[in-house]
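Observations on the model geometry
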Amino acid sequence: MFSDTRADIVGWATVENLSNRPPFAPAFLISEAMPYEFPKKMGDLFSELEGRGVSGSLLIAALRVAVLLNRETDPLFVVLGTPMRGIAGSTEKKFHLAAWYVDPVLVQGLKLSLVQFQSRPAPSTTG
């Protein structure tokens, strides 16, 4: 659920178990802490994630899947779960969730990038 000032995470699903209830936001849960100051831009977020072993192609693929599944008017968010710094001596780990709003210009670019993967007519075998 979302409005002009708020978006709620109302459930989790794997790619194999997606329901038909957009909007969808790709979520990444990583095992390494992020810097104290989280990145403000998607490019900086991608750099931080790639430095922690998340491939750039996976990041782009996840965004493309969300763009394909979301409605034309849906906003796009990226959710990141990272371990909290915790309390010294405690073995219990909790995760901190952060979300980034993806600029509509980037969303449009992702949509355009998908055009190259649309079905093309097979070459004629008669001739």
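Note that the coordinates shown come from a computational prediction; the quantities given were computed from them, not determined experimentally. (Residues numbered from 1 in each chain as written. Predicted model: local features only at pLDDT ≥ 70, side-chain atom pairs only at ≥ 80, totals over all residues. Heavy atoms only, no water.)

**Structural notes on helix α1 (residues 42-50)**
For α1, the full list of buried residues reads Met42, Leu45, Phe46 and Leu49. Within α1, the buried residues cover an arc of 100 degrees as seen down the axis, which keeps them to one side. Contact partners of the buried residues in α1: α2 (56-69), β2 (76-83), β3 (95-102) and α3 (104-115). (Buried < 20%, exposed > 50% of the residue type's maximum accessible area, 1.4 Å probe, protein only. Helix = DSSP H or I, 4+ residues; strand = E, 2+ residues; numbered from the N terminus. Arc of directions from axis to C-beta. Contact = heavy atoms within 4.5 Å.)

**Let's talk about the pattern of salt bridges**
Under the criterion given, the structure shown has three salt bridges. The salt bridge involving Glu48 is made with Arg52; its shortest N-O contact spans 2.7 Å. For Asp74, the salt bridge is made with Arg71, and the minimal N-O distance between the two is 3.0 Å. Judged by its relative accessible area of 10%, Asp74 falls in the buried class. (Salt bridge = Lys/Arg side-chain N within 4 Å of Asp/Glu carboxyl O.)

**Looking at the nonpolar core**
Judged by nonpolar contacts, the single largest core of 22 residues is most densely connected at Phe28, Met42, Leu45, Leu49, Leu76, Val78 and Leu80. No other element matches the five residues that α2 contributes to this core. With residues up to four places along the chain from it excluded, the contact list for Leu80 reads Phe28, Ile30, Met34, Phe38, Leu45, Leu49, His96, Leu97, Ala98 and Trp100. (Core = buried A, V, L, I, M, F, W, Y, C linked by side-chain atoms within 4.5 Å.)

**Looking at the sheet that holds strand β1 (residues 27-29)**
Read across the sheet, three strands follow the order β1-β2-β3 without closing on themselves; strand pairing throughout is mixed. The open sheet has two edge strands with one neighbour each: β1 and β3. Taken over all neighbouring pairs, the strand axes of this sheet differ in orientation by 15 degrees on average, direction set aside. Pairing between β2 and β3: eight bridges, direction antiparallel. If you follow Leu76 over to β3, its bridge partner there is Val102. This element, α1, spans β2 and β3 of the sheet and lies at about 35 degrees to β2. (Pairing = 2+ DSSP bridges. Axes fitted to C-alpha atoms, helices over the stretch in contact; angles between N-to-C directions.)

**Structural notes on empty space enclosed by the protein**
In this approach the atoms are scanned with a rolling probe the size of a water molecule, which exposes any empty space left behind. Counted according to the given criterion, the structure contains one cavity of 30 Å³ or more. Of the pockets and cavities examined, the largest cavity occupies roughly 40 Å³. If you go around the largest cavity, the residues you meet are Val67, Asn70, Arg71, Glu72, Asp74, Leu76, Val107 and Lys111. (1 Å grid on protein atoms, 1.4 Å probe; cavity = no way out; pocket = protein on both sides within 12 Å on 5 of 7 lines; lining within 4 Å. Points joined across faces, edges and corners; volume = space filled by probe spheres on them.)

**Here we look at the layout of surface pockets**
In this structure, the largest pocket occupies an estimated 970 Å³ of space. Ranked by residue count, the leading element in the lining of the largest pocket is α2, at six residues. Of the residues assigned to the lining of the largest pocket, the class counts are 26 nonpolar, three polar and two charged. (Nonpolar A, V, L, I, M, F, W, Y, C, P; charged D, E, K, R; others polar.)

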